[in-house]
Amino acid sequence: MLSERDFQISPIVQESVMHNSKALQNLQSLSASLFGISAGILGLESYSGFLFYIFFSLLTSFLIYLVRVAPLSSPKGYKDNKGTGNGLGSGVGGVKKYFRSGFEFWAGGIMNGFAGFVLTWTLFYGLVRA
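It should be emphasised that the depicted structure is a prediction, and the values quoted were computed from it without experimental measurement. (Residues numbered from 1 in each chain as written. Predicted model: local features only at pLDDT ≥ 70, side-chain atom pairs only at ≥ 80, totals over all residues. Heavy atoms only, no water.)

Engineer: Break down the overall build of the protein for me, citing the residues and quoting the values.
Structural biologist: Along its length, the protein carries six helices and zero strands. Every one of the 130 residues in the protein was classed for burial, and the buried ones make up 31%. Contacts in the protein between residues at least 24 apart in sequence constitute 67% of all its contacts with a sequence separation of at least 6. On the protein, roughly 8400 Å² of surface is accessible, and the fraction owed to carbon and sulfur atoms is 67%. (Helix = DSSP H or I, 4+ residues; strand = E, 2+ residues; numbered from the N terminus. Buried < 20%, exposed > 50% of the residue type's maximum accessible area, 1.4 Å probe, protein only. Contact = heavy atoms within 4.5 Å. Areas by Shrake-Rupley, 256 points an atom, 1.4 Å probe, with all protein chains shown as cover.)

Structure below.
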(Lines give C-alpha, C1' and ligand atoms only; values in the text may rest on other atoms or scores of the structure.)
Protein backbone atom coordinates (compact mmCIF):
# COMPACT_ATOMS: atom_id res chain seq x y z
CA MET A 1 0.00 0.00 0.00
CA LEU A 2 1.30 3.44 -0.87
CA SER A 3 1.84 5.97 1.87
CA GLU A 4 0.89 9.65 1.89
CA ARG A 5 4.47 10.57 1.08
CA ASP A 6 4.44 8.32 -2.02
CA PHE A 7 1.32 10.07 -3.31
CA GLN A 8 2.97 13.44 -2.85
CA ILE A 9 6.03 12.30 -4.81
CA SER A 10 4.05 10.63 -7.59
CA PRO A 11 0.37 11.64 -7.48
CA ILE A 12 -0.62 9.35 -10.36
CA VAL A 13 -2.13 6.12 -9.00
CA GLN A 14 -1.37 3.15 -11.26
CA GLU A 15 -4.61 1.32 -10.37
CA SER A 16 -6.62 4.31 -11.57
CA VAL A 17 -4.59 4.57 -14.77
CA MET A 18 -5.16 0.86 -15.45
CA HIS A 19 -8.90 1.27 -14.80
CA ASN A 20 -9.09 4.26 -17.15
CA SER A 21 -7.21 2.34 -19.85
CA LYS A 22 -9.53 -0.67 -19.54
CA ALA A 23 -12.64 1.52 -19.69
CA LEU A 24 -11.26 3.32 -22.75
CA GLN A 25 -10.45 0.01 -24.45
CA ASN A 26 -13.97 -1.32 -23.79
CA LEU A 27 -15.54 1.83 -25.22
CA GLN A 28 -13.32 1.73 -28.29
CA SER A 29 -14.07 -1.96 -28.93
CA LEU A 30 -17.81 -1.37 -28.68
CA SER A 31 -17.69 1.69 -30.92
CA ALA A 32 -15.55 -0.21 -33.48
CA SER A 33 -18.27 -2.85 -33.73
CA LEU A 34 -20.90 -0.13 -34.19
CA PHE A 35 -18.75 1.47 -36.90
CA GLY A 36 -18.53 -1.93 -38.60
CA ILE A 37 -22.30 -2.26 -38.55
CA SER A 38 -22.62 1.23 -40.03
CA ALA A 39 -20.05 0.58 -42.75
CA GLY A 40 -21.74 -2.72 -43.67
CA ILE A 41 -25.21 -1.19 -43.87
CA LEU A 42 -23.87 1.72 -45.95
CA GLY A 43 -22.26 -0.81 -48.31
CA LEU A 44 -18.77 0.65 -48.07
CA GLU A 45 -16.03 -1.32 -49.78
CA SER A 46 -12.24 -1.36 -49.72
CA TYR A 47 -10.46 1.87 -48.77
CA SER A 48 -13.63 3.82 -48.10
CA GLY A 49 -14.57 1.38 -45.32
CA PHE A 50 -11.14 1.56 -43.71
CA LEU A 51 -11.07 5.36 -43.94
CA PHE A 52 -14.56 5.41 -42.40
CA TYR A 53 -13.23 3.38 -39.47
CA ILE A 54 -10.07 5.44 -38.97
CA PHE A 55 -11.96 8.74 -39.15
CA PHE A 56 -14.65 7.74 -36.68
CA SER A 57 -12.17 6.10 -34.30
CA LEU A 58 -10.17 9.31 -34.12
CA LEU A 59 -13.40 11.30 -33.77
CA THR A 60 -14.41 9.09 -30.85
CA SER A 61 -11.04 9.67 -29.16
CA PHE A 62 -11.40 13.41 -29.70
CA LEU A 63 -14.92 13.46 -28.22
CA ILE A 64 -13.76 11.47 -25.19
CA TYR A 65 -10.95 13.98 -24.77
CA LEU A 66 -13.35 16.94 -24.98
CA VAL A 67 -15.94 15.49 -22.62
CA ARG A 68 -13.86 13.64 -20.01
CA VAL A 69 -10.18 14.61 -20.11
CA ALA A 70 -10.00 18.28 -21.09
CA PRO A 71 -12.31 19.68 -18.38
CA LEU A 72 -10.31 17.86 -15.68
CA SER A 73 -6.81 18.13 -17.10
CA SER A 74 -5.74 21.67 -16.31
CA PRO A 75 -6.87 24.34 -13.89
CA LYS A 76 -7.23 27.97 -14.92
CA GLY A 77 -3.97 29.57 -15.90
CA TYR A 78 -2.11 26.25 -16.07
CA LYS A 79 0.92 26.03 -18.37
CA ASP A 80 2.41 22.64 -19.18
CA ASN A 81 6.14 21.96 -19.40
CA LYS A 82 6.33 23.40 -22.93
CA GLY A 83 4.72 26.70 -21.98
CA THR A 84 1.43 25.97 -23.74
CA GLY A 85 -1.87 25.54 -22.03
CA ASN A 86 -3.32 22.89 -24.32
CA GLY A 87 -2.31 19.66 -22.53
CA LEU A 88 -2.85 17.55 -25.65
CA GLY A 89 -0.71 14.70 -24.43
CA SER A 90 2.35 16.30 -22.89
CA GLY A 91 3.07 17.45 -19.40
CA VAL A 92 1.04 16.96 -16.25
CA GLY A 93 -2.20 18.35 -17.66
CA GLY A 94 -2.43 16.05 -20.69
CA VAL A 95 -3.76 12.57 -21.20
CA LYS A 96 -0.67 11.10 -19.53
CA LYS A 97 -2.23 12.05 -16.22
CA TYR A 98 -5.12 9.62 -16.77
CA PHE A 99 -3.72 7.06 -19.26
CA ARG A 100 -0.43 5.23 -19.85
CA SER A 101 0.54 7.28 -22.90
CA GLY A 102 -0.81 9.77 -25.40
CA PHE A 103 -0.49 7.20 -28.19
CA GLU A 104 -2.63 4.72 -26.28
CA PHE A 105 -5.34 7.33 -25.90
CA TRP A 106 -5.35 8.79 -29.41
CA ALA A 107 -4.52 5.79 -31.65
CA GLY A 108 -4.66 2.70 -29.45
CA GLY A 109 -8.34 2.17 -30.20
CA ILE A 110 -7.67 1.81 -33.91
CA MET A 111 -5.71 -1.40 -33.34
CA ASN A 112 -7.79 -2.67 -30.40
CA GLY A 113 -11.09 -2.58 -32.25
CA PHE A 114 -9.93 -3.44 -35.76
CA ALA A 115 -10.88 -7.14 -35.63
CA GLY A 116 -14.37 -6.33 -34.31
CA PHE A 117 -14.81 -3.70 -37.00
CA VAL A 118 -13.88 -6.06 -39.84
CA LEU A 119 -16.04 -8.85 -38.42
CA THR A 120 -19.19 -6.74 -38.11
CA TRP A 121 -18.48 -4.88 -41.36
CA THR A 122 -18.33 -8.08 -43.42
CA LEU A 123 -21.31 -9.61 -41.57
CA PHE A 124 -23.63 -6.68 -42.15
CA TYR A 125 -22.34 -6.06 -45.68
CA GLY A 126 -23.19 -9.68 -46.50
CA LEU A 127 -26.62 -9.45 -44.86
CA VAL A 128 -27.55 -6.24 -46.66
CA ARG A 129 -26.23 -7.34 -50.07
CA ALA A 130 -27.68 -10.87 -49.93
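Text resumes after the structure shown.
Engineer: An account of the packing of aromatic side chains is needed here, citing residue identities and associated values.
Structural biologist: How two aromatic rings sit relative to each other is set out by the distance from centre to centre and by the angle between their planes. This structure, assessed with the given rule, holds 11 aromatic pairs. Considering the side-chain rings of Phe50 and Trp121, the 5.1 Å spacing of their centres and the 85° angle between planes classify their relative orientation as edge-to-face. Of this pair, Phe50 sits in helix α3 (residues 46-73) while Trp121 sits in helix α6 (residues 114-129); the two residues are 71 residues apart in sequence, bridging distant segments of the chain. A relative accessible area of 32% means that Phe50 is categorised as partly exposed. Overall, the relative accessible area of 7% leaves Trp121 in the buried class. Here Tyr53 and Phe117 contribute two aromatic rings whose centre-to-centre distance is 4.4 Å and whose plane-to-plane angle is 25°, an arrangement assigned as stacked. Within this pair, whereas Tyr53 is found in helix α3, its partner Phe117 is found in helix α6, the two being separated by 64 residues in sequence. Tyr53 gets classed as buried once you look at its relative accessible area, which sits at 1%. Chaining the aromatic ring pairs together yields one cluster made of Phe50, Tyr53, Phe114, Phe117 and Trp121. (Phe/Tyr/Trp six-rings, centres within 6.5 Å; stacked < 30°, edge-to-face > 60°.)

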